[in-house]
Amino acid sequence: MPRLTLEQEIERMKLMWQFEHEYSDYEYICGIDEVGRGPFAGPVIACAVILPKDLDILYVNDSKKVSEKKRELLYEQITKEAIAYGVGIINQNEIDEINILNATKKGLTIAIKELQVKPDRILVDALKNIDTCNIPYTSIIKGDAKSITIAAASVVAKVTRDRLMVEYDKIYPEYNFKSNKGYGSAVHIAALKKYGKTPIHRNSF
């Protein structure tokens, strides 16, 4: 994908505010998203973010489309300037108990409850039938690439999870979690065959 010029990025960011502008009658619009549904190891992490309506920020996008270096910078700006943000962490044991879809939904509910400001409207990436604590929500297909608040939640969730997996790498260096973040890379799969599972590995996928 070609790199955008500054002018193109500014125009892209204007489009990223389209849903927030659509619900401009609401005072606090919250975006929610999660990361970690696909890895072999580690938790699923959800995030809820409420941004100021006048926030001047560039390069926010679906976290998978943002470089690690830029994600770290965006994480610092988002968490510093957000009106509120909350994080929900569901570990591998609970994922095995209730399945990854239910774990994802539970993580999102926890993230919403962690907010210090109650939102009036929630925007979520694709998921439906979520417990949003009686707050009305809109499900947006590919919302993390279309909504600034969902994308911001995606970035915060991704950086939070990546940092946690780097810490796990110090405990289980054979699996190279600092690089693969628990996903099924060749090194990770080879380590599983040689050493077996760690306590942070999931038994279900």
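1. So, the side chain of R121
Mapped onto the elements, R121 comes out in strand β4 (residues 121–125). Nearest to the buried, unbridged R121 among oppositely charged side chains is E22, at 7.9 Å. A polar contact is formed between the side chain of R121 and the side chain of Y26, at a distance of 3.4 Å. For R121, the side chain forms a polar contact with the main-chain oxygen of Y137, separated by 3.4 Å. The residues touching R121, leaving out its near neighbours within four places in the chain, are Y23, Y26, Y28, I29, C30, I135, P136, Y137 and T138.

2. Quick notes on helix α5 (residues 100–114)
Over its 15 residues, α5 runs 21 Å from end to end, which matches the ideal 21 Å to within 8%, given 1.5 Å per residue. Within α5 the residues assigned to the buried category are I100, A103, T104, K105, G107, L108, T109, A111 and I112. The N-terminus of α5 is capped by N99, whose side-chain oxygen sits 3.1 Å from the backbone nitrogen of L101.

3. What about the pairing of strand β2 (residues 44–50)?
With seven of seven residues buried, β2 is to be regarded as a mostly interior element. Side chains V44, A46, A48 and I50 of β2 all project onto a buried face; the interleaved residues I45, C47 and V49 project onto the opposite face, where all are buried too. Across six bridges, the pairing between strand β1 (residues 29–35) and β2 is antiparallel. Note on β2: the bridge partner recorded for V35 is I45. Sheet topology note: the β2/strand β3 (residues 84–90) ladder contains seven bridges and is antiparallel. When the sheet's bridge partners are listed, A46 is paired in β3 with G88.

4. Re the sheet that holds β1
Spatial ordering of the open sheet is given by β3-β2-β1-β4-β5, a layout of five strands whose pairing is mixed. Among the strands making up the open sheet, the edge pair consists of β3 and β5 (137–140). Sheet twist, expressed as the average angle between the axes of neighbouring strands with direction ignored, equals 20°. Packing of helix α6 (residues 148–171) onto the sheet brings it into contact with β1, β2, β3, β4 and β5, and relative to β1 it is tilted by some 40°.

5. Quick word on the pattern of salt bridges
Tallied over the entire structure, the rule returns 10 salt bridges. Note that E11 is salt-bridged to K14, the shortest N-O span being 3.2 Å. Of this pair, E11 and K14 are both found in helix α1 (residues 6–16), three residues apart, which corresponds to roughly one turn of the helix. The partly exposed category is assigned to E11, whose relative accessible area is 44%. On the basis of relative accessibility, which here comes to 51%, the residue K14 falls in the exposed class. Residue E76 pairs with R163 through a salt bridge whose shortest N-O separation is 3.1 Å. Taken together, the positions of E76 in helix α3 (residues 68–81) and R163 in helix α6 put the pair 87 residues apart, joining distant regions of the chain.

How each quantity is defined
Residues numbered from 1 in each chain as written. Predicted model: local features only at pLDDT ≥ 70, side-chain atom pairs only at ≥ 80, totals over all residues. Heavy atoms only, no water. Helix = DSSP H or I, 4+ residues; strand = E, 2+ residues; numbered from the N terminus. Buried < 20%, exposed > 50% of the residue type's maximum accessible area, 1.4 Å probe, protein only. Lys, Arg positive; Asp, Glu negative; His and termini not counted. Salt bridge = Lys/Arg side-chain N within 4 Å of Asp/Glu carboxyl O. Polar contact = N/O pair within 3.5 Å; in protein donor to acceptor, adjacent residues only side chain to side chain. Contact = heavy atoms within 4.5 Å. Expected span 1.5 Å × (residues − 1). Pairing = 2+ DSSP bridges. Axes fitted to C-alpha atoms, helices over the stretch in contact; angles between N-to-C directions.

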